[in-house]
Amino acid sequence: MGELGYELYIPTEFAQSVYDVIVSAGRSFGLRLAGYHALNSLRMEKAYRHWGHDICEEDTPLEAGLQFAIAWNKPGGFVGLEPLRRQREAGLRRRLVAIALERADRLLYHNEPIWRNGELVDGSLPACFGHAIGAALVSATLPTAARR
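A brief look at the structure comes next.

**Remarks on the environment of Ile22**
Here is step 1 of the chain: Among the structural elements, Ile22 can be located in helix 1 (residues 15–26).
Here is step 2 of the chain: When its relative accessible area of 41% is taken as the criterion, Ile22 is described as partly exposed.
Here is step 3 of the chain: If we ignore the near neighbours within four places in the chain, the residues touching Ile22 are Leu8 and Leu31.

**With respect to the layout of surface pockets**
Here is step 1 of the chain: Looking at the second largest pocket, its volume works out to about 180 Å³.
Here is step 2 of the chain: As for the second largest pocket, its lining consists of 13 residues, of which His37, Asn40, Ala127, Cys128 and Phe129 are closest to the centre.
Here is step 3 of the chain: At the level of elements, helix 2 (36–45) and strand 3 (119–130) are the ones that each hand at least two residues to the lining of the second largest pocket.
Here is step 4 of the chain: Tallied by class, residues from the lining of the second largest pocket come to seven nonpolar, six polar and no charged.

**Some thoughts on the packing of aromatic side chains**
Here is step 1 of the chain: One pass over the full model with this rule turns up zero aromatic pairs.
Here is step 2 of the chain: Sitting over the face of the ring of Trp72, Arg88 holds its NZ or CZ atom 3.8 Å from the ring centroid.

**Here's the deal with the state of the cysteines**
Here is step 1 of the chain: Scanning all chains against the criterion turns up zero disulfides.
Here is step 2 of the chain: No disulfide involves Cys56; its nearest neighbouring cysteine sulfur is the one of Cys128, lying 20 Å away.
Here is step 3 of the chain: With relative accessibility at 12%, the residue Cys128 sits in the buried group.

**Topic: the pattern of salt bridges**
Here is step 1 of the chain: All told, the structure shown has six salt bridges when counted by the stated rule.
Here is step 2 of the chain: We note a salt bridge from Asp105 to Arg106, for which the minimum N-O separation is 4.0 Å.
Here is step 3 of the chain: Given a relative accessible area of 42%, Arg106 falls into the partly exposed group.

**Describing the pairing of strand 3**
Here is step 1 of the chain: Looking at chain direction, strand 2 (residues 113–116) and strand 3 are connected through four bridges and run antiparallel. Bridge pairing in strand 3 links Pro113 to Gly123.
Here is step 2 of the chain: Here strand 2 hands over to strand 3 after two residues, with Asn117 in that stretch at a positive phi of 50 degrees.
Here is step 3 of the chain: Across five bridges, strand 3 lies against strand 4 (residues 135–143) in antiparallel orientation. Note that in strand 4 the partner of Phe129 across the bridge is Ala136.
Here is step 4 of the chain: In this structure, the hairpin formed by strand 3 and strand 4 is closed by a connection of four residues, where Gly134 is found at a positive phi of approximately 70 degrees.

What counts, and where the lines are drawn
- Residues numbered from 1 in each chain as written.
- Predicted model: local features only at pLDDT ≥ 70, side-chain atom pairs only at ≥ 80, totals over all residues.
- Heavy atoms only, no water.
- Helix = DSSP H or I, 4+ residues; strand = E, 2+ residues; numbered from the N terminus.
- Buried < 20%, exposed > 50% of the residue type's maximum accessible area, 1.4 Å probe, protein only.
- Contact = heavy atoms within 4.5 Å.
- 1 Å grid on protein atoms, 1.4 Å probe; cavity = no way out; pocket = protein on both sides within 12 Å on 5 of 7 lines; lining within 4 Å.
- Points joined across faces, edges and corners; volume = space filled by probe spheres on them.
- Nonpolar A, V, L, I, M, F, W, Y, C, P; charged D, E, K, R; others polar.
- Phe/Tyr/Trp six-rings, centres within 6.5 Å; stacked < 30°, edge-to-face > 60°.
- Lys NZ or Arg CZ within 6 Å of the ring centre and 35° of its normal.
- Disulfide = S-S within 2.5 Å.
- Salt bridge = Lys/Arg side-chain N within 4 Å of Asp/Glu carboxyl O.
- Pairing = 2+ DSSP bridges.

Written out as structure tokens, the structure reads:
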């Protein structure tokens, strides 16, 4: 995950032959097939955001932990710059976080309740088991100190 990737749009009738060519050419490079859940597990381990699953149009880049991608000094600015500056100055009311459970025998799937000090604070977003790190992983949007 995190490497350069491509999407191929090809007519259905050519899919098998294109697949065969790619797999054959990839053998010498160590190409291996990976399913959706394996890729999702790796994505979760790196805390990569998934549009429509972790974040959506209701989340700001600051709340989503994507402040590194904001060009604060972009010449001419950009649509939404001023509201983001105001949000940064006021402090976040909520923040997307990645959580790894201490116990590897606890499995998470999606929408598990998240409790803080005996109080229900949110439900989880995506969750899975991170096989590379050996821990149950979950993403959640939690209230920050500014909201409590």
